[in-house]
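# Secondary and tertiary structure notes
Take a look at the letters that make up each chain.
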Amino acid sequence: MSRDDGFASFAAIRVLGMIRLYGERVSRARASVKKTMSGNKYEVALDETWELFGQYMSGAHAGLCCVISSESLSEAAEKALDSSLAALGYGHDACTFVAPGDLDQQALFVLIEGLDPICIVAADGKSAALLGQAYRLAVPPGKATRLLGRTTVSFLDFESLLKTPQDKQIAWALLKKLPRFGDKRSWK
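Residues numbered from 1 in each chain as written. Predicted model: local features only at pLDDT ≥ 70, side-chain atom pairs only at ≥ 80, totals over all residues. Heavy atoms only, no water.

## So, the overall build of the chain
To keep it simple, the criterion reads: Where helices and strands are cited, they refer to DSSP runs of H or I of at least four residues and of E of at least two residues respectively, numbered from the N terminus. A contact between two residues is defined here by any heavy atoms of the two lying within 4.5 Å. Computed with a 1.4 Å probe, the accessible areas rest on the Shrake-Rupley method; for each residue, only the protein chains presented here act as cover.
Counting its secondary structure elements, the chain contains seven helices and six strands. Mapped from its N terminus to its C terminus, the chain presents α and β elements in the order α-α-α-β-β-α-β-α-β-α-β-β-α. Of all intrachain contacts in the chain linking residues separated by at least 6 positions in sequence, the fraction that spans at least 24 positions is 65%. Carbon and sulfur atoms provide 55% of the accessible area of the chain, an area that totals close to 11700 Å².

## A look at the nonpolar core
In globular proteins that are soluble, nonpolar side chains generally tend to be buried together. For clarity, the cut-off: Residues enter a nonpolar core if they are buried and are Ala, Val, Leu, Ile, Met, Phe, Trp, Tyr or Cys, with the set joined through side-chain atoms within 4.5 Å. Exposure categories follow from relative accessible area, calculated using a 1.4 Å probe and restricted to protein chains: below 20% of the type maximum is buried, above 50% is exposed, and the middle band is partly exposed.
Core analysis: the biggest nonpolar cluster contains 23 residues, and Ile68, Val98, Leu108, Leu111, Ile112, Leu115 and Leu131 have the highest contact counts within it. Elements represented by at least two residues in this core include exactly α3 (41-53), β2 (65-68), α5 (105-115), β4 (119-122) and α6 (125-135). Sequence-distant contacts of valine 98, defined by excluding residues within four places in its chain, comprise Tyr56, Met57, Cys66, Val67, Ile68, Ser69, Leu108, Leu111 and Leu115. In this structure, Leu85, Tyr90, Ala123 and Phe158 belong to the second largest nonpolar core, which totals 22 residues.

## Section: the packing of aromatic side chains
The condition that has to hold: Between rings of Phe, Tyr and Trp, where Trp is taken as its six-membered ring, a pair exists when centres lie within 6.5 Å; planes separated by under 30 degrees are stacked, by over 60 edge-to-face, and by other angles tilted.
Within this structure, the stated rule accounts for three aromatic pairs. Taking the centre distance of 5.1 Å and the plane angle of 65° together, the rings of phenylalanine 155 and phenylalanine 158 count as edge-to-face. Summarising the burial analysis for this pair, phenylalanine 155 and phenylalanine 158 share the class buried.

## Focus on the side chain of serine 154
Inspection of the secondary structure assignment puts serine 154 in strand β6 (residues 150-154). Its relative accessible area of 0% is what places serine 154 among the buried residues. In this view, serine 154 contacts Ala122, Ala128, Val139, Pro140, Pro141, Gly142, Lys143 and Leu174; residues no more than four positions away in its chain are not counted.

## Side note on unusual backbone geometry
Here aspartate 116, not a glycine, exhibits a phi torsion of approximately 55°, which is positive. Residue placement: aspartate 116 occurs in the loop between α5 and β4. The class of aspartate 116 is partly exposed, set by a relative accessible area of 44%. Here arginine 136, not a glycine, exhibits a phi torsion of approximately 55°, which is positive. Position of arginine 136 among the secondary structure elements: in the loop between α6 and β5 (144-147). A relative accessible area of 71% places arginine 136 in the exposed class.

Function-wise, these values are silent; they only describe arrangement.
Below, the structure is given as structure tokens:
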């Protein structure tokens, strides 16, 4: 086989591959590709997540921490979580709050993966159970665990821990199991 024969067969395969792509000519197939990507692929996924699940979410649009609770948290609880995460280096307004309502486990999984947070907080036992079903892993209340590489802490009832100074210390002790933002040693 000469060099020209090898090149001719390669060129023929290349041309045949260009003629049809999913049953259309290449120019028409490429013309129908969505071209609205204004930023990067993560921003697009985040925007689509808010578009799909916005009714279940509040707080920071691009929160570093996803807080899940079976019912919407009180303003005091949201502020306490936001302040705690600020103390861990995440900055203010670092939380996206999710009250899944009637979402099933698959939808919750898609929502969380679309947000792509650094860490997750389950604010009550019911949300911890739903989170565990979504990720097919145990999410024990009162403990820290990992879900697809994310540190996750789970409470039985975060709101009830805000009533006394001693209970606040219990909540803070669990929240300190989240990685400090910017501390590379805590990610290992």
